[in-house]
Amino acid sequence: MASADRPLRIALLAYRGKPHCGGQGIYVRHLSKALVDLGHTVEVFGGPPYPELDPRVKLTKLPSLEIYNDYFPMRQPGLWELKNWKDWLEVATFTFGTFPEPLAFTMRAWDELKGRVDEFDIVHDNQSLGFGLLAIEHEGLPVIATIHHPITVDRRLEIEHAQGFLKKFNLRRWYAFVDMQTEVARRLKRVITVSENSFKDIHADHKVDTDRMHIVPVGVDPEMFLPVEGVERKPGMFITTASADVAMKGLRYLLEAVAKLRVERPDITLTVIGKAKPGGESARTIDELGLSDVTFVSGVSDERIVELYSEAEIAVVPSLYEGFSLPAIEAMSCAIPLVATTGGAVPEVVGPDNETAFLVPPGDSEALAVKLAYVLDNPEIGRTVGLAGRQRVIDHWSWRHTAEKTVDEYRARLAQK
């Protein structure tokens, strides 16, 4: 067992590590770097799309069949691609209509780690919650998991917004993996979550005992996410992040708000950090509203994202629910006025309305349009709130703080052996 003071050897699992768009990849990249900064050794076991990591962090790739890739989602792999039992498991799960990656990835991680038990002190899972984690613990490696929010929320919102019986039926099948996540979460000895709101929802939906859950907020690097000198804000430019084209992100309501505002403010523009899904809800909404000039930006560096925040006049988080909201604190760190909903943990994270952010109810495009217009018409108030938002980030959120608290949880988990 690791002593109370010596550096730890950490296996960090990331079944999806999309580096520039999506909270999982950002969390893994920055947490692993901060852990190494503290003197620990981290090896990331990642599935595609693979995370981009600090050079000091080793990446062990666990290739999947990439059934849900960005270019040809829900493809049917050929028989020649099935090289081992994990590939067959992934295809079988997919054939039954269920999202296969969390189960298949954790089985690949177990298969890789079972021969390397002596190389690590602890295994830290990031939201996959597949049955393979229980197999890893059976090998003698302590496991701890981060649950940013229960995917039961995504399932509920997607089904509520789905049109037609067949679509709802298919979504219920696709989200069947959530039952596995509930069972695994319930059986783990220690769970990290990122906010009071997620704490309550995980207890309610995953039935995890409250004495086995502990809150460690995520962070941001205020020395990277900051106002860029020499970059002037473009009047009427909105910016938002949509890491996935799902109802929970609330992009539809922002698009509707932009369409309303353009009746009297035709110069308003919207930039989305994310990738549009062909034929998805966002693409259909853009066509319906005649917003063909919405700009989607993906695969760019953090430096370019910071520049975009410095160019925009207002950042928007229109989500129906957030377990924490990295995009919110990244925007705040750049001192841009933030308009956000009260969905999930957002108020807990961004702070008081009209002091550090501007808040509206989730799923209300009219309220969103009114608040955006208010900020446009009151630039000095927006500037004051933006600066206060950056100060809140500096005071409360840093990756070093996240890493230090995470290490405390590692040591507490090791003490449970």
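The coordinates are above.
So, here's what we can say about the structure. Being a predicted model, the structure only gives us computed values, none of them experimental.

### Remarks on the pairing of strand S5 (residues 143-147)
- Of all five residues in S5, five are buried, a share of seventy percent or more.
- Of the two faces of S5, the one carrying Val143, Ala145 and Ile147 and the one carrying Ile144 and Thr146 are both buried.
- Alignment of strand S4 (residues 122-126) against S5, held across four bridges, turns out to be parallel. Paired with Val123 across the strands is Val143, a residue of S5.
- Between the parallel elements S4 and S5, the chain passes through helix H4 (residues 132-138) in a crossover that is right-handed.
- Where S5 lies against strand S6 (residues 191-193), three bridges are found, and the strand directions are parallel.

### Some points on the sheet that holds strand S12 (residues 338-341)
- One open sheet accounts for six strands, arranged S10-S9-S8-S11-S12-S13; its pairing is parallel. The sheet is open, and its two edges are formed by strand S10 (295-297) and strand S13 (358-360), each paired on a single side. Adjacent strand axes in the sheet meet at a mean angle of 25° when their direction is disregarded.
- Strand direction decides the pairing type here: strand S11 (residues 314-317) and S12, joined by three bridges, are parallel. From the neighbouring strand, Ala315 faces S12, where its bridge partner is Leu338.
- Docked against the sheet, helix H9 (residues 251-262) engages strand S8 (237-241), strand S9 (269-273), S10 and S11, running at close to 165° with respect to S9.
- The sheet contacts of helix H12 (residues 326-333) involve S8, S11 and S12, and relative to S12 the element is tilted by about 160°.

Definitions and cut-offs
- Residues numbered from 1 in each chain as written.
- Predicted model: local features only at pLDDT ≥ 70, side-chain atom pairs only at ≥ 80, totals over all residues.
- Heavy atoms only, no water.
- Buried < 20%, exposed > 50% of the residue type's maximum accessible area, 1.4 Å probe, protein only.
- Helix = DSSP H or I, 4+ residues; strand = E, 2+ residues; numbered from the N terminus.
- Pairing = 2+ DSSP bridges.
- Right-handed = clockwise from strand over helix to strand, strands pointing away.
- Axes fitted to C-alpha atoms, helices over the stretch in contact; angles between N-to-C directions.
- Contact = heavy atoms within 4.5 Å.

These values are about where atoms sit, not about what they do.
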